[in-house]
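So the chains spell out like this:
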Amino acid sequence: MGLKELAAVYSGLDIDSDNTKSLKDTRVALNPLVSMQPHAEKLTATPARRVVPPKPTTLILSFLIFIYLTLHLAHGASLRDLWPLSRSYRASNFTYTGATGPLGWAGLSKANAACSISKLQSPINLDAAVGGAHPRNIIIAFPDFNEGAEIENTGQTLEVHVRGMATTATTHLDGKAYALDRFHFHTPSEHRIEEEYFPMEVHFVHHAVDGTRLVLATLFELTTDNTTTELLTAVTQNISALTAPGTRTRTGALLFEPLAAHFQVGALYRYTGSLTTPPCTDGVTWLVASEPLTLNVPTFLAFKKVMRFNARYTQNTPGQENLLEMAARQLPHRGRIWNWNWNRNMKGGSVLGLP
Ligand SMILES: [Zn+2]
């Protein structure tokens, strides 16, 4: 088969479903030796089909696609990364342990680069060096959702979806409005307060119309008198239906009044960090309550049983080098490999060769 036929086959031009017949006819038409053979009349009985060469635009488009795929695959992207519909898969394709855990998140996708190079990553240790937010500048307007809301086991957390509900829950900070999209939980806590970690943490994830993000967070502490935060009881009302990743159900009535009071009366830490899960996008405004809310043992056990361990390790102080980048630079064998290659090269050996 010649180049023209190949091009015709791949471009799909003027080739009917009987490819064998068409190609045979083409061969007869193009090769005079075939038509001179004794049985040539059988082959030439059917008039040769005209193969229309691909249009120049088709060839140019194919060439550009070839270059695009070559360049991206050469730089470590997988075909899955290049397929736009796979983004939701990528977003959930991380874990908290092993090669796909926090140390490997940047390697899962080029979109996760911030996890290993950004200098504004979360969570962090919160102490006096971290600035505070004045409660006077914060207005939390969360309506009660008496009908409850949808809750999902995403495989990484338990997440309650409130975006698109009849009334929008909003937090105003310094006069700017942020709409609440969802809230989810982490066991154990991601943030620490003066190096103390807590059994659980909740993140209320907001966005403003300009795309900037704000996360309102509080930690929970176990109680000895069985008191617990009412919102948690509502969230875990149907938790037995959420044991498998991907399952969804409804929460009980969500009443936010005590929570809003907690944020507006107590002291808050405020800093600029990131999402604590891939793609670790930075520039996120964090407001974390300095005092924990209550959590009783049965509620804690119910959360922990479903979510397992889902806390990212503590990041460096905001503005300082990403810990992963720092650690990679300090790996001793990196220097040895470089020296080995250098020595082999100087002796005339191949840099790419193996010993
Ligand atoms: Zn979170």
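Residues numbered from 1 in each chain as written. Predicted model: local features only at pLDDT ≥ 70, side-chain atom pairs only at ≥ 80, totals over all residues.

The name recorded for the protein in an unreviewed UniProt entry is Carbonic anhydrase, from Tricholomella constricta. Annotation of the protein in UniProt includes, under Catalytic activity (unreviewed entry), the sentence "hydrogencarbonate + H(+) = CO2 + H2O". (UniProt positions renumbered as here; feature names shortened; annotations may be inferred.)

What is the right way to read the pairing of strand 4 (residues 150-153) from this model?
Looking along a regular strand, one sees the side chains alternate between the two faces of the sheet. The side-chain alternation of strand 4 yields one buried face, formed by Ile151 and Asn153, and one unburied face, formed by Glu150 and Glu152. Inspection of the sheet shows strand 4 paired to strand 5 (residues 158-161) by four bridges, in the antiparallel sense. Within strand 5, the residue paired with Glu152 across the bridge is Glu159. Where strand 4 hands over to strand 5, the hairpin turn is made up of four residues, of which Gly155 adopts a positive phi near 100°. (Buried ≥ 20, exposed ≤ 12 C-beta atoms within 10 Å, placed from the backbone. Helix = DSSP H or I, 4+ residues; strand = E, 2+ residues; numbered from the N terminus. Pairing = 2+ DSSP bridges.)

How should the nonpolar core be read in this particular structure?
A general tendency of soluble globular proteins is for nonpolar side chains to be buried together. Within the largest apolar cluster, 55 residues are counted, with the highest numbers of intra-cluster contacts made by Met200, Phe204, Val215, Leu216, Trp286, Val288 and Phe303. Sorting elements by how many residues they give to this core places strand 10 (residues 213-222) first, with six residues. If sequence neighbours within four positions are ignored, Leu216 has contacts with Thr171, Phe204, Phe263 and Leu287. (Core = buried A, V, L, I, M, F, W, Y, C linked by C-beta atoms within 7 Å. Contact = placed C-beta atoms within 7 Å.)

Is there a simple way to think about the confidence of the model for the protein in this case?
The predicted structure's coordinates, where accompanied by low pLDDT, should not be read in detail. Of the residues in the protein, 69% have a pLDDT of 70 or more, and the chain-wide mean is 80. Throughout residues 5-46 the model reports pLDDT below 50, and contacts reaching past four residues in sequence, or to other chains, amount to 41 contacts. (pLDDT = per-residue confidence, 0-100.)

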